[in-house]
Each structure stands twice: as C-alpha cells, then as structure tokens.
Amino acid sequence: MTGSGAPLEDNRLHGDPGIERTEIDHAPSAPTVASAMQRERAMTIFEKGAPGRRAFVAPELDVPVTGDLLPDRLRRTEPPRLPELSEPEIVRHYVRLSKRNFDLDSGFYPLGSCTMKHNPRLHERVAALPGHARLHPFQRPQRAQGALELMWNLERSLAEIAGLPHVSLQPSAGSHGELAGVLLTRAYHEDRGERRHKVLTPDTAHGTNPATVTMAGYEVVKVGTNPDGGVDVDDLRAKADADVACLMLTNPNTLGIFDANIEQIAAIVHQVGATLYYDGANLNAVMGVTRPGDMGFDIVHFNLHKTFTQPHGGGGPGSGPIAVSDRIEPYLPRPVIVRGEDGTFDLDEGSGSRAKSIGRLRGFQGNYGCFVRSYAYIRSLGAEGLKDASEVAVLNANYLLARLSRAGVAEYLPLAFGKLCMHEFVLSGAPMKKELGIRTLDLAKRLLDHGFHPPTIYFPLLVDEAVLIEPTETETRETLDAFADAVAEILREAADDPELARSAPYTTPVRRLDEAAAAKRPVIRQPL
Amino acid sequence: MSTYTSVTPEDLQAMLDAIGVGSVGELFAQVPEAVRLGRPLDLPAGLPEQDVFAHLRDLAARNVSAEDEITFLGAGMYDHYVPALVDMLTERSEFLTPYTPYQPEISQGGLQVMFEYQTAISELTGLPVSNASVYEGPSALAAAGYLAKLTNGRPRFVISRGAHPHSRETLHTMAVGYGATVDEVVLSDGVTDLDALRDLLGDDVAAVFVQQPNFLGAVEDVEAIAAAAHEHGALAVCAADPLTLGVLEAPGNQGVDVCIGEGQTLGNRLDFGGPSFGFFAAAEAHLRKMPGRIAGETTDVDGRRGFVLTLQTREQHIRREKATSNICTSQALNALAGVVYLTWLGRRGLGELGELMLQRTHYARETLAALDGVAALHDQPVVREFALTLDAPVDRVLDRCAGDGVNAGFALGRAYEEHPDGLLVAITERRSRADIDRLAEVLGAAVAAERRHAGVGA
Amino acid sequence: MAEASYPEDLLYHPEHDWTKIADGVATFGITWYAQDALGEVVFFDPPEVGSSVTAGQSYAEVESVKAVSDVFAPLSGEIVEVNTALGDTPEAINDDPYGAGWMVKVSLSEESEQESLLDRAAYVASLT
C-alpha cells in the first residue's frame, strides 16, 4: 500500500463528516481504541447479549387469566429467536453503528438526481407533535380537521407549483407516483374505448420508468437523444403513433439539460392522443420559473423527499404525490379530500362519486408525516423562497461546473453535453480512464477519503463513465470550492500513481467490499 | 422567509464571474419564453421558523389524537407504545439524513441495520428470505401478487374478504396493470370460508391471499388455506400483523410461500397512516423474484466483515423493463425503528406482549358482549382485536362515546356493507383493564341511550 | 482465465457464443470476450431440459454484480442437458469458459445452420 497521510489532512480541511475512520494500513499501527471498536462493531445484534437479558418490561397482566384462548395448532411453540439485550447494550450497538454511516448533516452529498438539500430541523419537531404523530388514520374526518386542512393546503400548493389543478398525495414514492401516472393514462384511454400498448421513454430515462411501464402492462419503446442532449424530435415523431399511450419525460432531463423543444414534443404527443408524463425528479431546477402544466404535461409526480426536503432516512421513507390536468382528474386514486361549503374537510372514499377512479394505491391517505414536513417547508420559503431555491440550485451547479472546467480537470472529466447546465450536470470520465488509468468508480472511492459523498456514477447510461453531480442550493461556495479542489487533487495524484485511486478508500470503516461474493452465495440474514 | 441558502451579494458576483455570465437569469436561457411562468407563484409569502411552528402546532391542535382520548381504534394501525430509544435512534443525523447506501464503505451502519432487520423478519415469519422493506402493508400485498405473476404467469388472484379493505383495493388497482383479475372469498362466522375458497380455485390462479389475524380480528386457519392453494399450484400469501407472531404460529411453518404485512405495529407511530413500512418475506425459491433492496454479508479487501446491497440485478436500475419491481427505495428509517423495537422487546418480550394482548382482548370481548344491545360478531379466537354488533346506529354510538372521551373503535360499515351495525375494537398494551372497563361503561350507556331514543321514535 | 483465447475446434456466433458439435449434439457457452466484458459472473439462470432453442435467440441469462446479459443460441434444437454445476460455481464461466463453463447441450434440429457460424479466424477478426 502506497497511501500517504495526505487524505486525513484533507478531511480536516474540508470538514470531516464525523464518520468513524480507521487508520491507513501503513500508518503507525499501535492497537487503538478505534480498531478495537471496529472489531466489536462488526458483530450483529443477534451475536450480542445473553439469554435472560431484557429491556422491555410488560405492563401488569391486570385481567383474569383464561387458559386455552388459542387452539394449540394455531399457537406458536418456538418463539422467534430475537436478540436478548439490556437497553444500554441496544443503545450502544446502534449508536456505534450510526457512526459507520456518512450523512448529509455531516458532509457534502452531491448525489445527482437525488437533490440532497438540507433537512430543516423544524420539520422533525412539528412532525413529532402528538396531534400529528399520534393521529390515527381512521380517525373520523370531523375529528381530524387539522390534518385534512394541512393536506388540502399542500395539495393546493403543489397544484400551483406544477401548474396542474388536481392533486393526489397518496403515492408513497416517486416510482409509486409513476405507476399511478401510467395507470391513470390507461384508465383515461380505456374510458374512451381505446386500447394502447406502448409507452415511450427517452434513452436517458431513470430505470424506474421502464420498470413502471411493464408493471402497468405496457411495452417500452425508447426514444433517442439529439446531439444537444434533448429528445430526438424526429425519432419521437417516427415512433409516436395511435398505439402510444404516453411519453414519460424529465425536464430538465437526467443530463441536467432543459429541453427547449418541449412545446413541439408536447404537440407531437398530444396529436396522437397520448398523455405527457412529467417525472418530477428534477423539479428543483425550475420552481417558480416554469411549470410542467405550462409546458404541456398532463401528469406530474413530485418527490417530496427531494424537492421538498424530506430526510431520506438511509433509503426511505419518501413520498410521491401526483398532479394532473382536468381530463385526468376523474381517474385519480381514492380517497379524495373535499372541502364543504362550510369550510370543513372530508375524505371522499365513495365508489359512487368516484366511479372512474383507478382505486387505491396503498393503505390510508399516504405518508402524512412527509406531508407535514414538506408543507412546513413550503410555508417557510413561500413563493419567493421556492423560486430562490431553484435559482441558487442552478447557480451552484453552474459554479461548480465552472470550477471543474479548469485545466487539470476538464481534459479528463469533460462536460458530456452543452455548455451550461440546470441544477445538475454530467461529466464523462472516459478521458480520465484512457489517460490516467482510473475509472469513475475509482474517483468516487477516492473522494470518500476526502470526506465527500461521491456523485451519482454510471448514470445516465448513455454517457461513458458518467459522473452526475447535483450540489443543491443549500451548499456554500466554500464547500463547492473544496469539492472541486479535491477532484483536481485526485486527478493530479492519479497522474503520478493511479494505484492510489484504484485501491481507495483507505480511511473508511471498511474498504472495497466483495460484491461478487455477496451475490454468488447470498448471506442475507444472520445464521442463528 | 427561510431559505436555507447562503449566497451573499459578494458570493453571487464571484460565482457569476467564474461562470462567465452576467446574471442568474442567463442560466435559464434554455427555457423558452412561451413556457415561462412570468409571474410569482400564487402562494403565501414565506414565514420565519417560529411562525411556521405556530401554524403547524395550531393544525395539530385541531386533530383528536391518541393523546387526547382513550382510543380503541385499530383496523390496520395500532396505538402501541413507542419506546424512547426508538425516537432517539431514528432522530440521529447518521440514520435520518443519508440517502440509500450506494457507497457501502461509508454506509455500513445502515446496511448492517438492514441485515439485522432481514434476520428479524425471517425469524418472525418463519421464512428464510426477507428484503429490506417496502412501502407499507397493502402495497406489499400487491407486490406479492406481482411476484406470483412473475413466478407462474397465471391471470387470476383469489383474496379473502378478511384481508384489509385497503389491501384488497390496492390489489384490484395493481392487478389491472399486471393483466390479472381478482376474486374475493366470503367469510363465514368471521373467517375465510374454505368451501367458498375451493370453489374459486383453479389452475389459472396465481396466488391466494389471506390475512392473519383477519380484519374482523379472527385467527385464520392459514395452514388449511395454504394447502388448498397448493393443490392448484397457486402461491399462498399471508398478510400478518407482526406483533401477533409471538403467540400465533409463524406463517412460514404453515406452508405459506410469501408473508407480507404492515410494519407500523413495530415501533412506528400512527402518523395519520404513514410513513411506516411493509415487510416482505418468502421461501428460498423466490429469492431472485423478490422486489426491493436486499442487504447481504461479505468481506472487504482486508478481510473485514461488511455488508452491501446485493442481488441488484433484480432491480429497476439494472434490469429496467424486466425488473422484479419498479420500487427503488425501502423504508429504511421505519425498518430501523422496527428492528430496534423488536430488539427492545426481545425474545421473551414479544411473547409476553402477545399474551397480554390475548388476555386483555378476551376480557374486553367478554365484558363488552355482555352489555345489553351488544353481541360478539363471531366466536373465533382473537388476539388483539374483535368485532361486535350493536343494536343501535354505530355512528351515533361513536359520537356519544367520543363525547365521553372514549374512541370506541372502527365502524365496520365504513368498509363492510354486510356489517352496517358492526364495531371493531382494538386492544394494545396501552389500554389497561381500567380503560376497558371505562369503555364498557361508556359504550353500554351510549347503546342504551340510542335504543331508548329509537324506542321513543317508534 | 486471464489471457484471451479462442480455440480452433469451435464454431462461433457473432453474439460471442461458441459451440462444439459431436454426433448431432452441440455444446454451447460464451466466449472469453463475452465473459471478460461481463466481469465476474455471479449467477447463471439455466433453461429447462426439453425446451427448444432457436439460432440467434436468447435461451438463458447470465449475471454479473451490476449487469444482466442474454445468452444467445448459435444453433437451433432441443436442450438435452444443462450444466447444473454452474449453480454453485458460476465463476467457472470466467475461469474456464470453454470447459467447465459450458452451459447447455442441444440436440440439433437444423444441422445446416452451422454453415452460417464463424470459424476462429473470422470471429477473432470481428473483435477488432
């Protein structure tokens, strides 16, 4: 191993994310507290504790005890082999585990297409208020007026931001919203006596688009990309026929480019009677500037966990409301929030009044806890603040792009398309691989040693060795500078010794993991 | 107005200079004039933090939560106590604010939690393969339908009417996309009618769905239902309440192929219906058809134990239109709450809690069914919830009880037109004998008052 | 195997599949080039014995950690045997693509199809 002490120093410079770090292999190797913790922490909760230990004490059994309440054949004989630990042991186990995570609160997280903006702490506080957190979803509407008003207000806000009049908050995530959107399209066409079989997606599309299309019973047809990074309009025209149900599009797209032909695209799609679907993954670029509805979209999904700053929780929860045009409204999922003439709110679950509805997508009304947070966000920023957020997101992205366009970086990591970008941009690591002998993956792993979360890599698929960078509006200029400097440093270092990047990282709780072994002979639970 | 941004006028000038443009507006040059909004969004102006807090607090105050009344409302989500350590751990930045663990070297905490969670779910359900969680219960049931469709390609689902109405509706919605139809099996005396099930079965059935305990609180004979499904080569799918699996036999030991369910009862709050998590466990044969994230164990280049997302070729970002699901995310934070809660309960606690619910539920059913104008809707074994019929209009009775600070339960007529006079009563460890006795007093009085009222009118 | 190799005694399909024919039964597998492009193979999803395959059509899938590839049949016929050992040792497809990494044996239905396949020289030329 030829690593040096430099990366550790860089961590201090750039703001150590606070992750528990182990020493570089060749570094002075006296047994340390950290390395002892490392070994202990590699044990799962099922390998800790001892028979008889416990944290939970059951409330008193305060009713007369009756035997034989369950026939033997229905009763469990062998209890599940859950861990047996005291509360202090449980807390210590999970707190130590937490220190083996990188998180947004500790460091820069420029993960393209994920919009890792700051999560305001106010949101956690208001979501935890018992009036929200302990409200039962089957509480009768007249006794849940605050919650229904909040949802109504959030629906109205999202409708205004989307430029589409009707909203359902129900979908649980972006992919769930997509599925809702394609099922809405199907219901719309079937109601008109039409059977269509194809859905168009651009070749830059996120994988959820084609997966959703299949689950909704359609065939995927790919549309090409033009040299400017937008939809190939001629290809679209050739493929748009009466058998096409929908075109799913992101604008700006996954290359960070706003498709200036959007009006023409909408016209082509509508001409053949198809719907235009907006994947809201990149809405953070255009709030208050332009709206999907004004661009001609019929159906939009929002990612509350991206644009409206729901904490990502290490992979969920999310929330994926949809907004639709008048012609799609009759098919919206049940239940629908309605406001009576007296200003009170109700949930319309009825099959009669919503006979054309596609039905439910999940249990209850959606991820209300997420609605509370995103509503708080919209009320905090207001009209002006939301537009400001998008403008600064685009400013920050272009600034970081400019900083990465310097000599020593741009020749190895050129911008894949265009000159400027919206809220994110894609670099190609192909020259870096050819000239310096390190891949995009190696760059990403070396960034870990600098205390940064790497960008999204190898997506979008049509860019060779892609690096997709989205800084968001909540990062400072100093952070963007530090990130650009780290990339330059890694490339400089690779010119001397590419092995440093190829074997990175060195300072993380574990180093590169054998994913092939994990997939070949899967061990997906603790043997007990 | 809060912005959470940091650009000063000096920053702005320096950044525009570096980019080589004169204004932020130039950065939006790609957006055609015709599609620009050209006016401010029609939304209220932004507010300072303290004002937003006050507004959200005022909205919360207009809800009647489990904090404000003695509640026996369940029907899919339950008012269990969430221990303090769950809040403390889920609020930690390191668990709250990361994205999906795409970089395993700096995500070992989250990945190991997923691995531990999967182990716990396998133990609970008696099935060897669990994913890292899906959205929630009803969509998990529909996802099991997709697994069945991918496995045997058959075009029909058969679901017990004892499954949660939201699960049945979600399956109906999704089946349209799968190209499948859905038939419902009636209940008799509170449980799935086996003869009716057999009549509906055939070689075109992809899967049979049953819920344990069912929506009316009754414990189902899951083994017999699974056996009937298997006779026709259909998969048996059981939606289970995980918190009852300390006392009820594991579905995996009863022949079930896939066990899914709503995870809210494991350390997650009510949150007016979400976010919570859905769990998804299956027999080994279905490993490569599972939806969602799965964490697996491996080693790093230095031989240290570590965890990664594995079997990713099932997923949408690789297999795209041939993926086993379009789902991207698990409900990692909610699943963390779940595994911490199960650890807190521990091996003995889960059974003790189940036994406590079993006894109190029995006591409550006996006590309430003895009231004038109140009867048990069925006589099946119950664990945490039971159904009654009232000789009085249920909504009016609920209003009267609410006036006395008691939420008596779920009006079954909201979901089952065949039970317009039904009331579903849920018991958790938070409802003591004194609470149950108070319910008996209030409910008895309310039913009596309504009967008197009806008598006067007649 | 680390070094590229393309045995003389095989016939090749342009989709990077090889076949070896003996007594009307052909053995199929993927070439060194294909396994190298795929990276470390972690899973082979075999077809069922008795199913038929068509020249130029996919008959199985092979997976690396982050990719799935269709495996194409060089010739048409009925599958008479599959290499079940690949279930436990998919790495044989990388280590020994022409030996232990074979995938299926097929009873050929159209012997004349082999005239359209490439010999070693033509296949190797197609790779550059």
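The model shown is predicted, which means the values in this text are computed figures rather than measured ones. (Residues numbered from 1 in each chain as written. Chains lettered and ligands numbered in written order. Predicted model: local features only at pLDDT ≥ 70, side-chain atom pairs only at ≥ 80, totals over all residues. Heavy atoms only, no water.)

A.B. asks: Just to check I follow, could you spell out the pattern of salt bridges for this structure?
C.D. replies: Side chains carrying opposite charge are able to pair once their charged atoms draw close together. Enumeration over the complete set of coordinates arrives at 78 salt bridges over all chains. Here Glu91(C) ties to Arg521(A) by a salt bridge, and the two come within 3.4 Å at their closest N and O atoms. Of this pair, Glu91(C) sits in the loop between β8 (77-82) and α2 (92-95) while Arg521(A) sits in the segment after α17 (515-520), placing the two residues on different chains. A residue is classified by how much of its surface remains accessible, and Arg521(A), at 46% relative accessible area, is partly exposed. We note a salt bridge from Asp437(B) to Arg433(B), for which the minimum N-O separation is 3.8 Å. With Asp437(B) and Arg433(B) both in helix α13 (residues 433-457) and four residues apart, this pair spans about one turn of that helix. The partly exposed category is assigned to Asp437(B), whose relative accessible area is 31%. A single network of salt bridges, built from pairs that share partners, joins Arg134(A), Glu67(B), Asp79(B), Arg430(B), Arg431(B) and Asp435(B). (Salt bridge = Lys/Arg side-chain N within 4 Å of Asp/Glu carboxyl O. Helix = DSSP H or I, 4+ residues; strand = E, 2+ residues; numbered from the N terminus. Buried < 20%, exposed > 50% of the residue type's maximum accessible area, 1.4 Å probe, protein only.)

A.B. asks: Is there a simple way to explain the sheet that holds strand β14 (residues 385-390) of chain B in this structure?
C.D. replies: What links the strands of a sheet is backbone hydrogen bonding, and the strands pair in either a parallel or an antiparallel sense. Residue and element names in this part refer to chain B. Ordered by their spatial adjacency, four strands build an open sheet running β13-β14-β17-β16, and the pairing between neighbours is antiparallel. Strands with a single pairing partner mark the edges of an open sheet, and in this sheet they are β13 (374-376) and β16 (410-411). Bridge count between β13 and β14: three bridges; the pairing is antiparallel. Bridge pairing in β14 links Val374 to Leu390. Across the sheet, helix α11 (residues 332-369) touches β13, β14 and β17 (422-426), and the angle it forms with β14 is around 5°. (Pairing = 2+ DSSP bridges. Contact = heavy atoms within 4.5 Å. Axes fitted to C-alpha atoms, helices over the stretch in contact; angles between N-to-C directions.)

A.B. asks: What is the right way to read the packing of aromatic side chains from this model?
C.D. replies: Note on aromatic pairs: each is described by the distance of the centres and the angle between the planes. Tallied over the entire structure, the rule returns 30 aromatic pairs over all chains. A centroid spacing of 6.5 Å and a plane angle of 45° characterise the contact between Tyr81(B) and Trp344(B), whose relative ring orientation is tilted. Here Tyr81(B), found in the loop between β1 (70-71) and α3 (84-90), pairs with Trp344(B), found in helix α11; they are 263 residues apart in sequence, far enough to count as distant. Taking the relative accessible area as the measure of exposure, Tyr81(B) reaches 40% and is therefore partly exposed. Connected via pairs of aromatic rings, a cluster forms that spans Phe138(A), Phe364(A), Phe215(B), Phe410(B) and Tyr416(B). The cationic tip of Arg156(A) hangs over the ring face of Trp152(A); the distance from NZ or CZ to the ring centre is 5.4 Å. (Phe/Tyr/Trp six-rings, centres within 6.5 Å; stacked < 30°, edge-to-face > 60°. Lys NZ or Arg CZ within 6 Å of the ring centre and 35° of its normal.)

A.B. asks: When you look at the packing of helix α6 (residues 145-162) of chain A against helix α12 (residues 368-403) of chain A in this model, what are you seeing that I'm missing?
C.D. replies: Helix packing geometry: the angle between the two helix axes and the distance between the axes. Residue and element names in this part refer to chain A. Packing of α6 against α12 brings their axes to within 10 Å, and their N-to-C directions diverge by 45°. The pairing of α6 with α12 is recorded here as oblique in orientation. Considering how the two elements wind past one another, α6 and α12 form a crossing that is left-handed. The segment α6 lies against α12, with Ala147, Leu150, Met151, Asn153, Leu154, Ser157, Leu158 and Ile161 engaging Tyr368, Phe371, Val372, Tyr375, Ile378 and Leu386. Residue composition of the contact of α6 with α12, by class: 12 nonpolar, two polar and no charged. (Parallel < 35°, antiparallel > 145°, perpendicular 65-115°, else oblique. Left-handed = near helix turned anticlockwise from the far one by under 90°. Nonpolar A, V, L, I, M, F, W, Y, C, P; charged D, E, K, R; others polar.)

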